[in-house]
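Read off the chains here:
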Amino acid sequence: DDKNEPSKKKKRNSVSSNAVIKKEMVSFSTKEEAVAAFKGLLLAKGISPALKWIEVTKLCECDSRWDACDQILSVGERRQALAEYQTKRANEIRNEQRQERIRAKEAFGQLLTDVLPTVLGFSARTSRFVEVRSALAKDDRFYAVEDEATRESLFLDFCDDFKKREERKKRSKKREAQESFISFLQEREESGSLTFASTWESFLLSLSEVEKADPRFATSVLLPDSDRQLYFADFVIELQKAEDDKRRRIRDARRRAEKAQRDKYRDLLRQMASEKKIFPYSRWKSVEDMISEDESFKLIQAQERDAPRELFEVFIDEWDDRYRRERSFMGRLIDAPGKSPVVITKGTSFDEFKKLVTDAASYSVEAQNETFRIVNRDNPVSSARLFYDELVDRAAEAEKYGVSQQVSVKDDSSEDEGMIIEEGEVTNKSDAPETAQNGKDLHPVNKPDVEQK
């Protein structure tokens, strides 16, 4: 032993010198590197989050990394690094413990799933934990959860989930039975034995014995008779809704078609008005034969027998009312009090007549606007054109019977709408003709007084 003592001392001195060399060799270029190395030292030493600074110092001061960190980091910086390390480590430990508890609960839950269904008399609604504990305690997974209260709580949670799963299965089976019953009703509908007007009693009478024995129709725990009648009623209601919707679409389509036919018929009336085949004073009897030849007349008559006449009379009445108002307005313009009477002859053109009317309205912006509207409106025929044609017809009629060709217009607010001016004496009104040029009826107004030589 004495002989070996020098060699042992020599060996210890060698180790000590190596440690000194290592301490001299450890160094850090930046503080960040030193902080990371310091935290690594704490982790390697297994420093717990609860240790105080003085206890950490005792555990780590013999390590060369501690001295190296001491050279570049102050005590405050190392204490700050320790606090950060302990906070992070505490979170990691908590997460590990949480995961461990989760794994334990999962293992215990799997144990409940595997064992409880095999326990005789087990019921998720009525069984208690103490009644099944002995069966569960035979498995190692039972002890993965240490707390007895936690075990019982997990057992109760399992029973709740088990009941919910059973309810879902029951609802699913009931829904499948309902869908099968509905498919049975749909087949009966397609075959014509079930309609929106069917009742439960009439439907049962329409079924054969084979159909009544169909598993989809037969009563069962999942499909009692009360549910069958309820599903049947809902199905018939949907059929009624579909039938109502179908009728509504047909009705709307018919209305659109009838409206299009009426619009086409009105277009025919406007066309005849523009072609001078009908006038504001026309009557149905005088134009019925001519209108009845058109296809639109037949379509309207198919809707309602008197519809063509009624639409015609509405069209004529609206046109006549509008023409009377606008004719009266133009008559007051061109025969205003205090002005020279406007004279229309057979040779007066429509453009000249429009100029006479617009010039007469120059006294007022409102009168001008109204005049432009009347002159330029062609729906169905411009009232200015009708008034012009009427005055020209009067002048032509006067020429035909040898009187003056000049016609003066009076205000349409009076019954006397015009007069023929002639050189000579006034004769009786009975001597005047009662018909217009080409045999057309004039607008129902008083005829002008005629003067003969």
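Each residue is numbered by its place in its chain's sequence as written, counting from 1. Local features in a predicted model are, by the rule used here, given only for residues with pLDDT of at least 70; side-chain atom pairs are given and counted only at 80 or more, and totals for whole chains, interfaces and linings are based on all residues. Working from all heavy atoms in the structure, the side-chain values ignore hydrogens and water.

Draft legend 1. Here's a closer look at the overall build of the protein chain. Each helix is a run of DSSP H or I of at least 4 residues and each strand a run of E of at least 2, with the numbering of both proceeding from the N terminus. Counting secondary structure elements, the protein chain contains 16 helices and three strands. Burial classification: accessible surface area is computed with a 1.4 Å probe over protein chains only, and a residue below 20% of its type maximum counts as buried, one above 50% as exposed, and the rest as partly exposed. Here the protein chain holds 453 residues, and the buried ones make up 33% of them. By definition in these notes, contact holds between two residues if any of their heavy atoms fall within 4.5 Å. The long-range fraction of contacts in the protein chain, counting pairs at least 24 apart against all pairs at least 6 apart in sequence, stands at 66%. The method behind every accessible area is Shrake-Rupley, applied with a 1.4 Å probe, and residues are considered shielded solely by the protein chains displayed. Summed over its atoms, the accessible surface of the protein chain is roughly 28700 Å², and 49% of this surface lies on carbon and sulfur atoms.

Draft legend 2. Fine view of the state of the cysteines. Cysteine sulfur atoms that pair up within 2.5 Å are treated as a disulfide. Counted by the stated rule, this structure contains zero disulfides. Unpaired in terms of disulfides, Cys60 finds its nearest cysteine sulfur in Cys62, a separation of 9.4 Å. Accessibility expressed as a relative area gives 0% for Cys60, which makes it buried.

Draft legend 3. Examining the packing of helix α10 (residues 225-274) against helix α11 (residues 284-291) more closely. Lines are fitted to the C-alpha atoms to define the axes, a helix being fitted only along its stretch in contact, and any angle between axes, read from their N-to-C directions, falls within 0 to 180 degrees. Put simply, α10 and α11 touch, their axes get as near as 13 Å, and they point 110° apart. When the axis of α10 is compared with that of α11, the two are roughly perpendicular. Of the residues in α11, those in contact with Tyr265, Leu268, Leu269 and Met272 of α10 are Trp284, Met290 and Ile291. Within the contact of α10 with α11, the residues separate by chemical class into seven nonpolar, no polar and no charged. Roughly parallel covers angles under 35 degrees, roughly antiparallel covers those over 145, roughly perpendicular covers 65 to 115, and oblique covers all other angles. Any residue that is not Ala, Val, Leu, Ile, Met, Phe, Trp, Tyr, Cys, Pro, Asp, Glu, Lys or Arg is counted as polar, Gly included; the first ten are nonpolar and the last four charged.

Draft legend 4. A look at the pattern of salt bridges. Counted as salt bridges are all cases of a side-chain nitrogen of Lys or Arg within 4 Å of a carboxyl oxygen of Asp or Glu. Applying the stated criterion to the full structure yields 37 salt bridges. Taking the shortest distance from any N to any O, the salt bridge between Arg216 and Asp214 comes out at 3.1 Å. Judged by relative accessible area, which is 22%, Arg216 ranks as partly exposed. Lys259 serves as the salt-bridge partner of Asp263, at 3.1 Å between the closest nitrogen and oxygen. Remark: Lys259 and Asp263 occur in helix α10; sequence separation between them is four residues, near one turn of the helix. Given the relative accessible area of 29%, Asp263 is considered partly exposed. The exposure class assigned to Lys259 is partly exposed, which follows from its relative accessible area of 46%. Linked through salt bridges whose partners overlap, the residues forming this network are Glu187, Arg188, Glu211, Asp214 and Arg216.

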